[in-house]
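# Tertiary structure, described
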Amino acid sequence: PTSAQVTVVPHSERFCYTLDNDLLSTEQRQFYEDNGYLLIRSLVSDEDIERFRKAFTRICKREVKPPGMMIMKDESLKSQFGQSEKVVNKVQDFQEDEELFRYCTLPEVLKYVECFTGPNIMAMHTMLINKLPDSEKQTFLHPMHQDLHYFPFRPASLIVCAWTAMERTDQDNGCLVVQPGTHKTALKPHGYPDLEGKTNKLFHGLLDEDEKIPKVHLVMEKGDTVFFHPLLIHGSGINRTSGFRKSISCHFASSECHYIDVKNTTQEHLEKELQEMVYKKYNTTSVELKDIWNFRARLVQGKRINL
């Protein structure tokens, strides 16, 4: 299953992962409770997706250079394709790009986000992924992981990702793969998996993956949006087609969440890796993981409290 049927029924008090609201049905809330994700069909319009696509193309062509944005490329294709979307695998931290950041403020997205975070909503992490055609080297495979591994803020239950397909995504072009129910587990140790091909920077994965847990491939049409918990184990396969598989996403959190110190935790090595990247890029000498996230965070609804 990938989503619950929409029906109107009275609220119940048995839910841990969603807040009382008038939008989600009891069946939808129970589905998220049990599985850790909820798929909403046809949520984002074709018009908005086309605008995001054009904004991405402008960034690839370097017609605009939003500050703070990280652009991930396959350097081996540069000589063949130059500055184009055929080289760029991902743009991350697009909070300073007015057009792409519109995604994080869409009322149709925020009304669902509020079901998980409450009314005070921060956009914490933004990405547009352009999964390039791949080979058996699995260069653009994202191993199974939990997003909370990257986040120095809690509680996890007040964080949710909105992930929208910008075209049909299926097993051929590397759709999302989830392990339902794993949002009820603890944060597990992550690192670089032992793959034969090249591993992308910061594409961490579970160090000890349980292959016995069933996986669901989320086949989605353009505009379909999945909301999922930051402890849900998920990943994506390689793109075996000749096209480009685009998606746009944002991790939202309640502004009532708080930052934590990741020293002496499984996230400590991630902080060190990010610190090295920041030192290199900005020539700064003192930064903590929470400083990086504080720089990324933007209020999109309600009041800014802690984050």
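Our subject in this report is the structure included herewith. Keep in mind that what you see is a predicted model, and the values were worked out from it rather than measured. (Residues numbered from 1 in each chain as written. Predicted model: local features only at pLDDT ≥ 70, side-chain atom pairs only at ≥ 80, totals over all residues. Heavy atoms only, no water.)

Omega for the peptide link from arginine 154 to proline 155 comes to 5 degrees, which places this bond in the cis form. At serine 42, a position not held by glycine, the phi torsion is positive, near 50 degrees. Within the element layout of this structure, serine 42 appears in the loop between strand 1 (37–40) and helix 2 (46–60). Owing to a relative accessible area of 60%, serine 42 belongs among the exposed residues under this scheme. Residue asparagine 264 is not a glycine yet carries a positive backbone phi of 65 degrees. Mapped onto the elements of the fold, asparagine 264 is located in the loop between strand 15 (258–259) and helix 6 (268–282). A relative accessible area of 74% means that asparagine 264 is categorised as exposed. (Helix = DSSP H or I, 4+ residues; strand = E, 2+ residues; numbered from the N terminus. Buried < 20%, exposed > 50% of the residue type's maximum accessible area, 1.4 Å probe, protein only.)

Another aspect to go through is the environment of lysine 303. Topologically, lysine 303 is positioned in the segment after strand 16 (298–301). A residue is classified by how much of its surface remains accessible, and lysine 303, at 56% relative accessible area, is exposed. The spatial distance from the C-alpha of lysine 303 to the C-alpha of asparagine 120 is 5.3 Å, given a sequence separation of 183 residues. Sequence-distant contacts of lysine 303, that is, excluding residues within four places in its chain, are made with Asn120 and Ser255. (Contact = heavy atoms within 4.5 Å.)

Strand order in the open sheet formed by 4 strands is 5-13-8-11, with antiparallel pairing between adjacent strands. Edge positions in the sheet fall to strand 5 (142–145) and strand 11 (216–217), since each has one partner strand and no second. Both strand 5 and strand 13 (residues 234–236) contribute to a ladder of 2 bridges, which runs antiparallel. Among the inter-strand pairings, histidine 142 is bridged to a residue of strand 13, identified as serine 236. (Pairing = 2+ DSSP bridges.)

This structure, assessed with the given rule, holds 15 salt bridges. Linking aspartate 224 and arginine 41 is a salt bridge whose minimum nitrogen-to-oxygen distance equals 2.7 Å. You can see aspartate 224 sitting in the loop between strand 11 and strand 12 (225–228) and its partner arginine 41 sitting in the loop between strand 1 and helix 2, a full 183 residues away along the chain. Note that glutamate 221 and arginine 168 form a salt bridge whose closest N and O atoms lie 2.4 Å from each other. Highlighted residues: glutamate 221 in the loop between strand 11 and strand 12 and arginine 168 in the loop between strand 7 (159–165) and strand 8 (176–178), separated in sequence by 53 residues. Owing to a relative accessible area of 38%, glutamate 221 belongs among the partly exposed residues under this scheme. Residues joined by salt bridges that share partners form a network here, namely Asp48, Arg51, Glu99 and Arg102. (Salt bridge = Lys/Arg side-chain N within 4 Å of Asp/Glu carboxyl O.)

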